[in-house]
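Next come the chains, spelled out residue by residue.
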Amino acid sequence: MSKAKVRVEITGVKELRRALSGLKKQVRRAALKKALRKVGGLIKKSMRARLKKGHGEETGLLKKSIGVRVKGVKGQPDRIALIVGPQAKKGKVVTLPSGRSVKRVPTLIAHLVEFGTKPHTIRIEEGPFAGQDIEHPGSRAMPFVRPALDENRSRIEPLLAEELTRAIAVIA
């Protein structure tokens, strides 16, 4: 399974960087996390708006699973990562027409929805049709991650600056 990552680095906010550097490490991290959660919410809303019925599963599970996480970067104590996308814990057990129950995990299909699939053969391993092959026609790409980021790119830096300024004023 491929993991698609988009990296955005905010630059040009010198005054805020100076203000942040003057704060204690814990206060600085709290302010950054709060601001990043706000930015993540903006992107999350846009991603969810782009997922319509038929994107992945008819259950809407992929859309429901889009979440925001803010966490430290391992081995880099001064960095904080913003992760917006399907959350693995949002899987759901569904019953197939064959009566078999399987867990559907949105993180396993998100890249297939974003980038599409080529035509391919699926070999059925279990059940009454075991041993048969199905020719899957493939699926067209239905991007929801990259367009959500592109749509909000011009709003990210001002929102981050506004939220950081607000957080610094409240925390400091």
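Residues numbered from 1 in each chain as written. Predicted model: local features only at pLDDT ≥ 70, side-chain atom pairs only at ≥ 80, totals over all residues. Heavy atoms only, no water.

## So, the overall build of the protein chain
Logical step 1: From N to C terminus, the protein chain includes five helices and six strands.
Logical step 2: Taken over 172 residues, the protein chain has a buried fraction of 29%.
Logical step 3: For the protein chain, the share of sequence-separated contacts (at least 6 apart) that also reach a separation of at least 24 residues comes to 57%.
Logical step 4: Accessible surface, the protein chain as shown: approximately 11,600 Å² in total, 54% of it carbon and sulfur. (Helix = DSSP H or I, 4+ residues; strand = E, 2+ residues; numbered from the N terminus. Buried < 20%, exposed > 50% of the residue type's maximum accessible area, 1.4 Å probe, protein only. Contact = heavy atoms within 4.5 Å. Areas by Shrake-Rupley, 256 points an atom, 1.4 Å probe, with all protein chains shown as cover.)

## A look at the pairing of strand 1 (residues 66-73)
Logical step 1: With eight bridges connecting them, strand 1 and strand 2 (residues 76-86) associate as antiparallel partners. Paired with Ile66 across the two strands is Pro86, which belongs to strand 2.
Logical step 2: Linking strand 1 back to strand 2 in an antiparallel pair, the connection comprises two residues, with Gly75 at a positive phi of about 80°. (Pairing = 2+ DSSP bridges.)

## Let's talk about the pattern of salt bridges
Logical step 1: Tallied over the entire structure, the rule returns six salt bridges.
Logical step 2: Across the salt bridge formed by Glu151 and Arg50, the nearest N and O atoms sit 2.7 Å from each other. Within this pair, whereas Glu151 is found in helix 5 (residues 145-171), its partner Arg50 is found in helix 2 (residues 25-50), the two being separated by 101 residues in sequence.
Logical step 3: The partly exposed category is assigned to Arg50, whose relative accessible area is 29%.
Logical step 4: Where Asp150 meets Arg153, a salt bridge forms, and the shortest distance between an N and an O atom there is 3.5 Å. Placement of both Asp150 and Arg153 in helix 5 is noted, with a separation of three residues, approximately one turn of the helix.
Logical step 5: Judged by its relative accessible area of 41%, Asp150 is partly exposed. (Salt bridge = Lys/Arg side-chain N within 4 Å of Asp/Glu carboxyl O.)

## Quick word on the environment of Gln132
Logical step 1: For Gln132, the location among the structural elements is in the loop between strand 5 (120-123) and strand 6 (133-136).
Logical step 2: Note: C-alpha distance between Gln132 and Ile122 (ten residues apart in sequence) is 8.5 Å.
Logical step 3: Excluding its chain neighbours within four sequence positions, the residues that come into contact with Gln132 are Ile122, Arg123 and Ile124.

## Some words on helix 2
Logical step 1: Between its terminal C-alpha atoms helix 2 stretches 37 Å, which fits the 38 Å expected from 26 residues at 1.5 Å a residue.
Logical step 2: Buried residues of helix 2: Ala31, Leu32, Ala35, Leu36, Val39, Gly40, Leu42, Ile43, Ser46 and Met47, and no others. (Expected span 1.5 Å × (residues − 1).)

## As for the nonpolar core
Logical step 1: In this structure, Leu20, Leu62, Phe144 and Leu164 are the most contacted members of the largest nonpolar core, which totals 28 residues.
Logical step 2: Among the elements of the structure, helix 2, strand 1, helix 4 (110-115) and helix 5 are those that each provide at least two residues to this core. (Core = buried A, V, L, I, M, F, W, Y, C linked by side-chain atoms within 4.5 Å.)

## Observations concerning the side chain of Glu163
Logical step 1: Looking at where Glu163 falls in the secondary structure, it is placed in helix 5.
Logical step 2: Polar side-chain contacts of Glu163 include one of 2.8 Å to the side chain of Arg166.
Logical step 3: The residues touching Glu163, leaving out its near neighbours within four places in the chain, are Ala35 and Lys38. (Polar contact = N/O pair within 3.5 Å; in protein donor to acceptor, adjacent residues only side chain to side chain.)

## Details of the pairing of strand 4 (residues 101-104)
The side chains of a regular strand alternate between the sheet's two faces.
Logical step 1: With four bridges joining them, strand 3 (residues 92-95) and strand 4 adopt antiparallel strand pairing. Across the sheet, the residue bridging to Thr95 is Ser101, located in strand 4.
Logical step 2: Joining the antiparallel neighbours strand 3 and strand 4 is a turn of five residues, in which Gly99 adopts a positive phi near 95°.

## Structural notes on the confidence of the model for the protein chain
Logical step 1: For the protein chain, per-residue confidence averages 82 on the pLDDT scale, and 84% of positions sit at 70 or higher.
Logical step 2: Predicted confidence in the protein chain is weakest over helix 1 (residues 14-21), with a mean pLDDT of 69, and strongest over strand 5, with 93. (pLDDT = per-residue confidence, 0-100.)

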